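Chain by chain, the residues run as shown.
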Amino acid sequence: MAIRIIGTGSALPEKTMTNEDLTRLVDTSDEWIRERTGIGTRHISTGETVVSLAAQACQHALESAGRDASEVELLLIATCTPERGIPCAACQVQNELGAAQAAAFDLNAACAGFLFALNTACAYIEAGIYQNALIAGSEVLSKIIDWTDRSTCVLFGDGAGAVLVERCEQGGILAIAQHSDGNKGAVLQCDGRELHNPFVDVPATVPYVRMDGREVFAFAVRQVPSCIQEVLGKAGLTAGEVDLYVLHQANKRIIEGISKRLAVDLDRFPMNLDRVGNMSSAAIPVLLDELNREGRLREGMTLVLSGFGAGLTYGACVLKW
Ligand code: UT7
């Protein structure tokens, strides 16, 4: 039994914001942002929501697979910026799509969320509980960013990407790994609502993302290559046998560091972060959809997907396209 990706989709907010635009908000420059991160522009919501973006990306994934929403059995949304506490974004997307048969729930593993959701879907399908799953990573990070903090506001963008996976006879996903290190949670965090009940009333504050960028950078360059080696080992492959590395798009220099550690040419690491920034859980499926639509994914190709982020969390997956 195997599981393969049979459709991809993505959706981005209409409005774009350039590095030049950011220089009017904080003390930064196009040169600094490009040199230190590789980012040039990002899409920022002026009304699009985690649900509307995810629903659009999911619809495109269904169309690209030639399937109808009514056939979906499991619907997972990876997000750390849901619209509501309850109901979860996945139930709202289910309603928008008319995926009446699907069991739907959200999963938050921050920027590694898409990979954790993919692994969850695979476990359900391997256990024989479901035949297929629609999985999206969707984020409107712009609402939890402190737009006066130059060390974070230049990095992130909004968007959603989705894949449809289905049970198949052979090929597809060869190995997946996922890991968490809660001990390092403080290096990248955003608080939730304060305690408010008849016994305790903490004055409400507006929570924003706070990050120790250098710590996250070092963690990514250290852990992502070892996680990739772990899945390659499970699949009996070497780093050189992989055609494309579809990695979380956080920073061009992180991707360069990973390519160096794996001793694989950078041209096997496609990037779109110059146009979209870091979209957390949406980054990997959006890039995958772009590559798919550009015709860069040929049948039989070996791909590695890998993400990392707040938690800290990290994961990787190797698959045959
Ligand atoms: O999805 C996971 C989410 N997070 C990440 O992946 C983040 C990973 N980390 C990074 O990408 C990098 O650490 C950053 C891009 C966040 C920062 O780059 P860096 O090369 O690690 O810079 P730094 O934090 O060491 O800061 C260097 C200098 C500092 O000034 P001083 O102290 O040397 O005077 C910062 O204040 O750059 C300054 N700086 C900026 N300058 C202009 C920080 N942000 C900016 C900015 N524009 N936007």
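Residues numbered from 1 in each chain as written. Predicted model: local features only at pLDDT ≥ 70, side-chain atom pairs only at ≥ 80, totals over all residues. Heavy atoms only, no water.

1. Some remarks on the overall build of the protein
1) Next: Along its length, the protein carries ten helices and 13 strands.
2) Next: Here the C-alpha atoms of the protein give a radius of gyration of 19 Å, agreeing with the 20 Å that 2.2 N^0.38 yields for 321 residues.
3) Next: Along the first, second and third principal axes, the C-alpha atoms of the protein reach 55 × 50 × 35 Å.
4) Next: Residues classed as buried in the protein amount to 54% of the 321 residues present.
5) Next: For the protein, contacts bridging at least 24 residues in sequence account for 76% of all contacts bridging at least 6.
6) Next: A total of about 13,800 Å² of accessible surface is found on the protein, and carbon and sulfur atoms cover 47% of it.
7) Next: Side chains of the protein give 27 positive and 39 negative charges; the mean places of these two sets differ by 5 Å. (Helix = DSSP H or I, 4+ residues; strand = E, 2+ residues; numbered from the N terminus. Rg over C-alpha atoms; globule rule 2.2 N^0.38 Å. Buried < 20%, exposed > 50% of the residue type's maximum accessible area, 1.4 Å probe, protein only. Contact = heavy atoms within 4.5 Å. Areas by Shrake-Rupley, 256 points an atom, 1.4 Å probe, with all protein chains shown as cover. Lys, Arg positive; Asp, Glu negative; His and termini not counted. Charge placed at Lys NZ, Arg CZ, Asp CG, Glu CD.)

2. Looking at the domain arrangement of the protein
1) Next: Split into domains, the protein comes out as domain 1 (2-169) and domain 2 (174-320).
2) Next: In terms of surface lost to domain 2, no three residues of domain 1 exceed Cys 111, Leu 115 and Phe 116, which account for 19% of the buried area on that side.
3) Next: Where domain 1 meets domain 2, there are zero salt bridges.
4) Next: Put simply, domain 1 and domain 2 have 22 residue pairs in polar contact (both at pLDDT 80 or more) between them.
5) Next: Within the residue set of the side of domain 1 that touches domain 2, elements represented by two or more residues are β1 (2-11), α2 (30-37), β3 (41-43), α5 (113-126), β6 (132-139), α6 (150-153) and β7 (159-168).
6) Next: Partitioning the side of domain 1 that touches domain 2 into residue classes produces 22 nonpolar, 18 polar and eight charged. (Domains from an automatic or database assignment. Buried area = accessible area lost by both parts, 1.4 Å probe. Salt bridge = Lys/Arg side-chain N within 4 Å of Asp/Glu carboxyl O. Polar contact = N/O pair within 3.5 Å; in protein donor to acceptor, adjacent residues only side chain to side chain. Nonpolar A, V, L, I, M, F, W, Y, C, P; charged D, E, K, R; others polar.)

3. Side note on the state of the cysteines
1) Next: In total, this model carries zero disulfides according to the counting rule given.
2) Next: Left without a disulfide partner, Cys 227 is nearest to the cysteine sulfur of Cys 317, which lies 10 Å away.
3) Next: Owing to a relative accessible area of 2%, Cys 227 belongs among the buried residues under this scheme. (Disulfide = S-S within 2.5 Å.)

4. Topic: the packing of helix α3 (residues 50-65) against helix α4 (residues 89-97)
1) Next: Where α3 meets α4, the axes come as close as 9 Å, and the angle between the chain directions of the two elements is 55 degrees. For the element pair α3 / α4, the angle class is oblique. Note that α3 runs across α4; the crossing there is right-handed. Residues Val 50, Val 51, Ala 54, Ala 55, Cys 58 and Gln 59 of α3 lie in contact with α4, whose contacting residues are Ala 89, Gln 92, Val 93, Glu 96 and Leu 97.
2) Next: Split by residue class, the contact of α3 with α4 holds eight nonpolar, two polar and one charged. (Axes fitted to C-alpha atoms, helices over the stretch in contact; angles between N-to-C directions. Parallel < 35°, antiparallel > 145°, perpendicular 65-115°, else oblique. Left-handed = near helix turned anticlockwise from the far one by under 90°.)

5. Topic: unusual backbone geometry
1) Next: In the segment running from Ile 86 into Pro 87, the intervening peptide bond is cis, with an omega of -10 degrees.
2) Next: Cis peptide bonds are those with omega within 30 degrees of zero, and the linkage from Gly 311 to Leu 312 qualifies with -5 degrees.
3) Next: Although it is not a glycine, Ala 110 sits at a positive phi angle of roughly 50 degrees.
4) Next: With respect to the helices, strands and loops of the structure, Ala 110 is situated in the loop between β5 (103-107) and α5.

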